[in-house]
Amino acid sequence: MDKTKARKEIKDKHKLPSDALIILGAGTGIPRKGIDFFTSIALSVLHKTDKPIYFIWLGEMPVNDYKIWIEKDILFSGFKDRILLLGEQKETEKYFCASDLFLMTSRGD
């Protein structure tokens, strides 16, 4: 897969700036996958920089306490446009190619 083409497609699809840095996480939104760690790290980083960093999580988000609290944390942080919980995606390979960093926050993998 052409990394340059994948980056352009993903940035265009989600209306990200051309100079955006993409940090990717993936997995089901359950405690074992550490989506709460992902969100916490994203908020910490975004509060300390003005660089165009975008955190994208791919994976099913079952309705549970984690989903409810994470969405509230993101909403009230003011970074709703920079932390994207995209759910399941058909072409995950493009996201992996488009990302600058994969952040594995899993507690058990």
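Residues numbered from 1 in each chain as written. Predicted model: local features only at pLDDT ≥ 70, side-chain atom pairs only at ≥ 80, totals over all residues. Heavy atoms only, no water.

Engineer: Can you help me understand the nonpolar core in this one?
Structural biologist: Across soluble globular proteins, nonpolar side chains show a tendency to be buried alongside one another. Grouped together as the largest cluster of nonpolar side chains are 15 residues, with contacts concentrated most on Leu46, Phe55 and Ile83. Top element by residues in this core is helix α2 (residues 35-48). It accounts for five residues. Sequence-distant contacts of Phe55, defined by excluding residues within four places in its chain, comprise Ile23, Phe38, Ala42, Val45, Leu46, Arg82, Ile83, Leu84 and Leu103. Among the nonpolar cores identified, the runner-up in size contains 11 residues, and Ile10, Leu16, Leu84 and Tyr95 belong to it. (Core = buried A, V, L, I, M, F, W, Y, C linked by side-chain atoms within 4.5 Å. Buried < 20%, exposed > 50% of the residue type's maximum accessible area, 1.4 Å probe, protein only. Helix = DSSP H or I, 4+ residues; strand = E, 2+ residues; numbered from the N terminus. Contact = heavy atoms within 4.5 Å.)

Engineer: How should the packing of α2 against helix α3 (residues 65-77) be read in this particular structure?
Structural biologist: Packed helices, taken two at a time, are described by their axes: the angle between them and the distance between them. In contact at an axis separation of 10 Å, α2 and α3 are set at 10 degrees when each is read in the N-to-C sense. Relative to α3, α2 is oriented roughly parallel. Each of Ile35, Asp36, Thr39, Leu43 and His47 in α2 lies in contact with α3, whose residues at this interface are Tyr66, Ile70, Asp73, Ile74 and Ser77. Considering only residue class, the contact of α2 with α3 consists of five nonpolar, three polar and two charged. (Axes fitted to C-alpha atoms, helices over the stretch in contact; angles between N-to-C directions. Parallel < 35°, antiparallel > 145°, perpendicular 65-115°, else oblique. Nonpolar A, V, L, I, M, F, W, Y, C, P; charged D, E, K, R; others polar.)

Engineer: Help me understand the pairing of strand β1 (residues 21-26) in this model?
Structural biologist: One face of the sheet, then the other: side chains in a regular strand alternate in exactly this way. Taken together, the six bridges between β1 and strand β2 (residues 53-58) define a ladder with parallel strand orientation. Each bridged residue has a counterpart across the sheet, and for Ile23 the counterpart in β2 is Phe55. At this point the chain moves from β1, through α2, to the parallel β2, and the crossover so formed is right-handed. Direction of pairing for β1 relative to strand β4 (residues 101-102): parallel, over a ladder of two bridges. Paired with Ile23 across the strands is Leu101, a residue of β4. (Pairing = 2+ DSSP bridges. Right-handed = clockwise from strand over helix to strand, strands pointing away.)

These figures capture arrangement, not role.
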